[in-house]
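Structural description and commentary
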Amino acid sequence: MSTTETDAAQHGLTEHSHGGPVIPQASRGERFRSYDVEAFEVPGGREENWRFTPLKRLKGLHDGSATATGNLKIEVTGEATAETVGRDDARIGNGGVPADRVAAQAWSSFTEATVVTVPKETKASGPITVTVDGPGADQVAFGHLQIRAEQFAEAVVVIDYRGSGTIGDNVEFVVADGAQLRVVSIHDFAADATQVSSEHATLGRDAVFRHFAVTLGGDLVRVNTTVNYADKGGDAELLGIYFADAGQHLEHRMLVDHSVPNCRSNVLYKGALQGDSAHSVWIGDVLIQAAAEATDTYELNRNLVLTEGARADSVPNLEIETGEIEGAGHASATGRFDDEQLFYLQARGIPQDQARRLVVRGFFGELLQKINVPEVRERLEAEIEEELAVVGA
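Throughout what follows, the structure given in this document is the object of discussion. Since the structure is predicted, the reported quantities are computational estimates derived from the model, not experimental observations.

Turning our attention to the overall build of the chain. What the chain contains, in helices and strands, is four helices and 18 strands. In the chain, which comprises 393 residues, the proportion classed as buried is 56%. Restricting to contacts in the chain with at least 6 residues of sequence separation, those with at least 24 account for 86%. Of the roughly 16100 Å² of accessible surface on the chain, 46% is carried by carbon and sulfur atoms.

Listed below in structure tokens is the structure:
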């Protein structure tokens, strides 16, 4: 695969006369946050946060014309406490605050939230599964889900999105001091579905958060993931796989906001695209604030374009406000099949369509092996095989 990469070196600081570092007035990573829908202007498509998103395909989620006509059906299984709570529950909002109009609309529109709690010092013996079914074709629903790992708890949570409809939702991950939360979030909707989802994670002292996003289905899926650190020692890893077919728009945006010292983050997303007008968007923002000394961070996005007519947009952003860091960098690469790889495989008697599949399997294999729930990994491998069958058709 031919690639173009950019790597960020350590940034210098501008000094005021008093010798202190200047915090930029409009950091790329910074985002305005509010629970109030009207605090955000209706997107027009030229804003940095919306310029890659086809607004007409949001079905009114962005401008207030989409009103709830149905509900999400949420089912929870596994070693956790699941509660249905009202908007006045004091825990709601612990994960983060909406950063765009759709998230604020979803926040103001939900009537009941689902809170899933892994109790203090509990180590779940198996995965906790949260199945979210859409409201149905031509229906609109707003939802709110919160996953909590209390102090020193350990758990793997699989969030499985299915079904049809138009969905605006917020998901909170609250990882307490010393807790370890691993999440696999699968967006595998029917072909007509639209989802705009905002994920908010807050990590306590020495907390570990592993998030694996898989996006395969739906007409348009846009996921915003934000990580905040509440105390020192937080460790976040954001991994992702997406496969866009003809006409699909799959968009992932993330912000890792390093605001306290001695924290770590690692971001790695890979995507494949095939078919006319298949479109993927990956925006990675990492902000290292002036107080976040000894931060260690890296982000990488790679895209493999399988056919003509597909388009991948990839924008890594890294902003550093202190020189006292352990390390920081980013890279992005987009390319087509490497003809030499295909020639090598075909020269050894492997048919072209099978050779193409082997290349794509290898491309995704590194990440798929990191899913430590065998039945989920096998399911995703099978679904990617189905996608690849279309390539060779």
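Turning our attention to the side chain of Asp245. Structurally, Asp245 is set in the loop between strand E12 (235-244) and strand E13 (249-258). Of the polar contacts made by the side chain of Asp245, one reaches the side chain of Gln274; its length is 2.4 Å. For Asp245, the residues in contact, after removing those within four places along its chain, are Gln274, Ala278 and Glu387.

The mixed open sheet is built from nine strands, whose spatial order is E1-E4-E6-E8-E10-E12-E14-E16-E18. The outermost strands of the open sheet, each flanked by one partner alone, are strand E1 (73-77) and strand E18 (327-336). Within the sheet, the average angular offset between the axes of one strand and its neighbour, ignoring direction, is 10°. The pairing of strand E8 (residues 180-187) with strand E10 (residues 208-215) spans eight bridges and is parallel. Its bridge partner lying in E10, His187 is registered against Thr215.

It is worth spelling out the side chain of Thr202 at this point. Relative to the helices and strands, Thr202 is located in strand E9 (residues 194-203). Residues within four places of Thr202 in sequence aside, it is in contact with Asn94, Gly95, Gly96, Phe173, Val174, Val175, Asn228 and Ala230.

Looking at the second largest pocket, its volume works out to about 330 Å³. Forming the boundary of the second largest pocket are 19 residues, of which Asn71, Leu72, Ile74, Glu112 and Thr114 lie nearest the centre. Taken together, the elements giving at least two residues each to the lining of the second largest pocket come down to E1, strand E2 (81-85), strand E3 (113-118) and strand E5 (140-149). A class-by-class count of the residues in the lining of the second largest pocket yields eight nonpolar, eight polar and three charged.

A few words on the packing of aromatic side chains. Within the structure shown, the criterion is met by eight aromatic pairs. Ring plane angle 85° and centroid distance 6.4 Å describe the contact between Trp107 and Phe110, whose orientation is recorded as edge-to-face. According to the relative accessible area criterion, Trp107 is buried, its value standing at 9%. Ring-pair connections join several aromatic residues into one group, and the members of that group are Tyr35, Trp107 and Phe110. Positioned over the ring face of Phe363 is Lys270, at 5.0 Å from the centre of the ring.

Ile159, Phe173, Leu181, Phe209 and Val227 are the most contacted members of the largest nonpolar core, which totals 57 residues. Sequence-distant contacts of Phe209, defined by excluding residues within four places in its chain, comprise Phe173, Val175, Leu181, Val183, Ala201, Leu203, Val227, Asp235, Ala236, Glu237 and Leu238.

One pass over the structure, following the stated rule, counts 20 salt bridges. Here Glu48 and Arg51 are joined by a salt bridge, their closest N and O atoms 3.1 Å apart. Its salt-bridge partner being Asp100, residue Arg222 comes within 3.9 Å of it at the nearest N-O pair. Pair noted here: Arg222 is in strand E11 (residues 220-229) and Asp100 is in the loop between E2 and helix H1 (101-109), with a separation of 122 residues, a long-range link. Accessibility classification places Arg222 together with Asp100 in one group, the buried group. By sharing partners, the salt bridges in this structure join Asp160, Arg162, Asp188, Arg379 and Glu383 into a single network.

This part takes up empty space enclosed by the protein. Counted under the stated rule, the structure contains three cavities of 30 Å³ or more. Here the largest cavity defines a volume of roughly 130 Å³. Lining the largest cavity we find 15 residues, and of these Arg31, Val97, Ala99, His200 and Thr226 sit closest to its centre. Going through the elements one at a time, E9 and E11 are the ones with two or more residues in the lining of the largest cavity. For the lining of the largest cavity, the element with the highest residue contribution is E11, accounting for five residues. For the lining of the largest cavity, a count of residues per class yields two nonpolar, eight polar and five charged.

Although it is not a glycine, Lys59 adopts a positive phi angle of roughly 55°. Relative to the elements of secondary structure, Lys59 occurs in the segment before E1. Residue Lys59 is classed as partly exposed on the basis of its relative accessible area of 42%. Its identity as a non-glycine residue notwithstanding, Phe152 has a phi of 65°, on the positive side. By the element assignment, Phe152 lies in the loop between E5 and strand E6 (154-162).

How each quantity is defined
Residues numbered from 1 in each chain as written. Predicted model: local features only at pLDDT ≥ 70, side-chain atom pairs only at ≥ 80, totals over all residues. Heavy atoms only, no water. Helix = DSSP H or I, 4+ residues; strand = E, 2+ residues; numbered from the N terminus. Buried < 20%, exposed > 50% of the residue type's maximum accessible area, 1.4 Å probe, protein only. Contact = heavy atoms within 4.5 Å. Areas by Shrake-Rupley, 256 points an atom, 1.4 Å probe, with all protein chains shown as cover. Polar contact = N/O pair within 3.5 Å; in protein donor to acceptor, adjacent residues only side chain to side chain. Pairing = 2+ DSSP bridges. Axes fitted to C-alpha atoms, helices over the stretch in contact; angles between N-to-C directions. 1 Å grid on protein atoms, 1.4 Å probe; cavity = no way out; pocket = protein on both sides within 12 Å on 5 of 7 lines; lining within 4 Å. Points joined across faces, edges and corners; volume = space filled by probe spheres on them. Nonpolar A, V, L, I, M, F, W, Y, C, P; charged D, E, K, R; others polar. Phe/Tyr/Trp six-rings, centres within 6.5 Å; stacked < 30°, edge-to-face > 60°. Lys NZ or Arg CZ within 6 Å of the ring centre and 35° of its normal. Core = buried A, V, L, I, M, F, W, Y, C linked by side-chain atoms within 4.5 Å. Salt bridge = Lys/Arg side-chain N within 4 Å of Asp/Glu carboxyl O.

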